[in-house]
Amino acid sequence: MSSVLYDTPGPRAKQRNILYTVGFVVLLGLLLWWVYRQMDDAGQMAWAKWKPFTLSTTWTTYLLPGLGETLKAAALAMVISLPLGALFGIARLSDHKWVRVPAGVVVEFFRSIPVLLMMVFANQVYVQSTDLSSETRPLYAVVTGLVLYNASVLAEIVRAGILSLPKGQTEASHAIGLRKSQTMMSILLPQAVTVMLPAIVSQLVVIVKDTALGGAMLNFTDLLNARKTEAAFYANVIPSFFVVGLIYILLNLALTTFAGWLERRLRRSKRGTGTVLGAEDVEDLNAAELGGVVGVGALGAGAGGPVDDVGKR
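Quantities reported herein were computed from a predicted structural model and do not represent experimental measurements. Counting from 1, residues in each chain are numbered in the order their sequence is written. Predicted model: local features are reported for residues with pLDDT of at least 70 only, side-chain atom pairs are reported and counted for 80 or more only, and whole-chain, interface and lining totals are derived from all residues. Side-chain numbers come from the whole structure's heavy atoms, not from hydrogens or water.

## Let's talk about the overall build of the protein chain
Then, in step 1: A count of helical and extended segments in the protein chain gives 13 helices and 0 strands.
Then, in step 2: From first element to last, N terminus to C terminus, the protein chain shows the α and β order α-α-α-α-α-α-α-α-α-α-α-α-α.
Then, in step 3: Relative accessibility decides the category of a residue: with a 1.4 Å probe and only protein chains considered, values under 20% of the type maximum give buried, values over 50% give exposed, and everything between is partly exposed. For the protein chain, the proportion of its 313 residues judged to be buried stands at 32%.
Then, in step 4: We call two residues in contact whenever any of their non-hydrogen atoms come within 4.5 Å of each other. Relative to all contacts within the protein chain whose residues are 6 or more apart in sequence, the contacts with residues 24 or more apart total 70%.
Then, in step 5: Carbon and sulfur atoms make up 67% of the accessible area of the protein chain, which amounts to about 19300 Å² in all. Counting from the N terminus, the helices are DSSP H or I runs at least four residues long and the strands are E runs at least two residues long. Values of accessible area rely on a 1.4 Å probe in the Shrake-Rupley scheme; residue burial ignores everything except the protein chains shown.

## A short note on the side chain of Arg-92
Then, in step 1: Following the sequence through the fold, Arg-92 ends up in the loop between α3 (56-91) and α4 (97-112).
Then, in step 2: Aside from chain neighbours lying at most four places away, what touches Arg-92 is Arg-100, Ala-103, Gly-104, Val-107, Glu-108, Glu-156 and Arg-159.

## Structural notes on helix α1 (residues 11-41)
Then, in step 1: The terminal C-alpha atoms of α1 lie 45 Å apart, and with 31 residues this matches the ideal 45 Å at 1.5 Å per residue to within 8%.
Then, in step 2: The positive-phi residue at the C-terminal boundary of α1 is Gly-43, with phi of around 80°. Expected span, for any helix, means 1.5 Å times one less than how many residues it has.

## Topic: the packing of α3 against helix α10 (residues 237-268)
Then, in step 1: Note on geometry: axes are lines fitted to C-alpha atoms, helical ones only across the stretch in contact, with angles between N-to-C directions running from 0 to 180 degrees. Interhelical geometry of α3 versus α10 gives an angle of 40° and a closest axis separation of 13 Å. Note that α3 runs across α10; the crossing there is right-handed. Counted together, Trp-59, Leu-63, Leu-67, Thr-70, Leu-71 and Met-78 of α3 and Val-243, Val-244, Ile-247, Tyr-248, Leu-251 and Leu-255 of α10 form the full contact between these two elements. It is the rotation of the near helix from the far one that decides the hand of a crossing: anticlockwise by less than a right angle makes it left-handed, clockwise makes it right-handed.

## A look at the nonpolar core
Across soluble globular proteins, nonpolar side chains have a tendency to be buried as a group.
Then, in step 1: Residues enter a nonpolar core if they are buried and are Ala, Val, Leu, Ile, Met, Phe, Trp, Tyr or Cys, with the set joined through side-chain atoms within 4.5 Å. Core analysis: the largest hydrophobic core is formed by 33 residues, its most contacted members being Val-142, Leu-146, Ile-162 and Ile-207.
Then, in step 2: Sorting the residues of this core by element identifies α3, α5 (115-129), α6 (137-163) and α8 (180-217) as the ones contributing at least two each.
Then, in step 3: Sorting elements by how many residues they give to this core places α6 first, with 11 residues.
Then, in step 4: In contact with Ile-162, other than residues within four places in its own chain, are Ile-90, Leu-93, Met-184, Leu-188, Leu-189 and Ala-192.
Then, in step 5: Of all hydrophobic cores here, the second largest spans 9 residues; its members include Phe-53, Ala-212, Val-244 and Ile-247.

## Observations regarding a nonpolar patch on the surface
Then, in step 1: Like-charged residues within 9 Å of one another, or nonpolar side chains (Val, Leu, Ile, Met, Phe, Trp, Tyr) within 5 Å, are grouped into patches, provided each residue has over 30% relative accessible area and no salt bridge. A carboxyl oxygen of Asp or Glu within 4 Å of a side-chain nitrogen of Lys or Arg is what we treat as a salt bridge. A cluster of nonpolar side chains, contributed by Phe-24, Val-25, Leu-28, Leu-31, Leu-32 and Trp-34, occupies part of the molecular surface with about 650 Å² of accessible area.
Then, in step 2: Residue position: Leu-28 is located in helix α1.
Then, in step 3: Residue Leu-28 is classed as partly exposed on the basis of its relative accessible area of 37%.

## Focus on the pattern of salt bridges
Once the charged atoms of two side chains with opposite charge are near each other, the side chains can pair.
Then, in step 1: What the rule picks out here adds up to 7 salt bridges.
Then, in step 2: Lys-72 is paired through a salt bridge with Glu-69; the nearest N and O atoms lie 3.4 Å apart. Of this pair, Lys-72 and Glu-69 both sit in helix α3, separated by 3 residues, roughly a single helical turn.
Then, in step 3: For Lys-72, a relative accessible area of 38% corresponds to the partly exposed category.

## Examining the environment of Phe-110
Then, in step 1: Counting through the fold element by element, Phe-110 comes out in helix α4.
Then, in step 2: Taking the C-alpha atoms as reference points, Phe-110 and Ser-152, 42 residues apart in sequence, are found 6.3 Å from one another.
Then, in step 3: When neighbours within four sequence positions are excluded, Phe-110 is seen to be in contact with Met-118, Leu-148, Tyr-149 and Ser-152.

## Some remarks on the packing of aromatic side chains
Then, in step 1: A pair of Phe, Tyr and Trp rings is counted when the ring centres sit within 6.5 Å of each other, with Trp represented by its six-membered ring. The angle between the planes then sorts it: under 30 degrees is stacked, over 60 is edge-to-face, the rest tilted. Going through the model one piece at a time under the given rule, you end up with 9 aromatic pairs.
Then, in step 2: When the centroid spacing of 6.3 Å and the interplanar angle of 55° are considered together, the rings of Trp-50 and Phe-242 count as tilted. Placement of Trp-50 in helix α2 (residues 47-50) and of Phe-242 in helix α10 is noted, with a sequence separation of 192 residues between them.
Then, in step 3: Accessibility expressed as a relative area gives 21% for Trp-50, which makes it partly exposed.
Then, in step 4: Given a relative accessible area of 43%, Phe-242 falls into the partly exposed group.
Then, in step 5: Consider the rings of Phe-233 and Tyr-234, whose centres lie 4.9 Å apart with planes at 85°: the pair is edge-to-face.
Then, in step 6: Phe-233 gets classed as exposed once you look at its relative accessible area, which sits at 58%.
Then, in step 7: One aromatic cluster is present, formed by Trp-50, Phe-53 and Phe-242 through successive ring pairs.
Then, in step 8: Above the ring of Phe-241, the side-chain terminus of Arg-227 is found at 3.8 Å from the ring centroid. Here, a charge over a ring is recorded when the distance from Lys NZ or Arg CZ to the ring centre is within 6 Å and its angle to the ring normal is within 35 degrees.

## A closer look at the side chain of Asn-236
Then, in step 1: Structurally, the position occupied by Asn-236 is in the loop between α9 (223-234) and α10.
Then, in step 2: With relative accessibility at 0%, the residue Asn-236 sits in the buried group.
Then, in step 3: Beyond its immediate sequence surroundings of up to four residues, Asn-236 is in contact with Lys-49, Pro-52, Phe-53, Glu-230 and Ala-231.

## A look at the confidence of the model for the protein chain
Close inspection of predicted coordinates is inappropriate in any region flagged by low pLDDT.
Then, in step 1: For the protein chain, mean pLDDT is 81; residues scoring 70 or higher make up 84% of the total.
Then, in step 2: Every residue gets a pLDDT, meaning the predictor's confidence in that residue, from 0 to 100. Across residues 272-277 the pLDDT falls below 50, and counting only partners more than four positions away or on other chains, this stretch makes 10 contacts in the model.
Then, in step 3: Across residues 292-313 the pLDDT falls below 50, and counting only partners more than four positions away or on other chains, this stretch makes 6 contacts in the model.

Listed below in structure tokens is the structure:
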């Protein structure tokens, strides 16, 4: 279907696309074969190096506990970052300068600092200022760094999502006497959720991946750190990287799949929630309503009723 940004390809364009696809698949296959041959020549494809991943003890002793710590840190960071980011994003849109300016300073400050630096700094603060044990301190440091960085990024996502809505939404709410807080919570924010969802999901994926920084630098017992212990025990460094990388891919794929399902569900409910519709949605609704009128008209004509009365009603 053609649109403003896309033209339906013709026969020659379709042939070129097929050739490009076949060429890409062939090149990808050759690359994978080259990688396989290099690993095989280096002895990395020997069954002895991959066999540990078929044993239950490898998973219960190393990988699954590390995955559990990764999920725990990511879940804590998500639960704290989402509302905190929404709060700062809304604060940056405040009419009050004493609210807007400090919120902007906080967001820009933490958004500009590398997340690893914040993790290391938080770890040193916990070492010198708290009595946390060495086993739990890396978890607190990782979560602190992830929250500070990702909450600031999510604040910008929330602000951009709200600003992307038509100004008529705000003007209409003010016309019926709603306060700005009521407009924000009841009208703007619910509509912006669908707009923001892809960017929010991308940031949640970043949170999951950034937990590995704690495993690499702070001795946080996450999946990456557990891989190191497993590889040292079984002497299979390269295969362990492949397996752990696959686990991260599956984990993030599950997260994006769930987000895609949630986005489709929200879009299906747009008609009942008053969300702003796109051009394609409006065309679909108009076509459905037109089909309904035609069907009713045909029914009325078959029953002996005038079709014109349907239009009047």
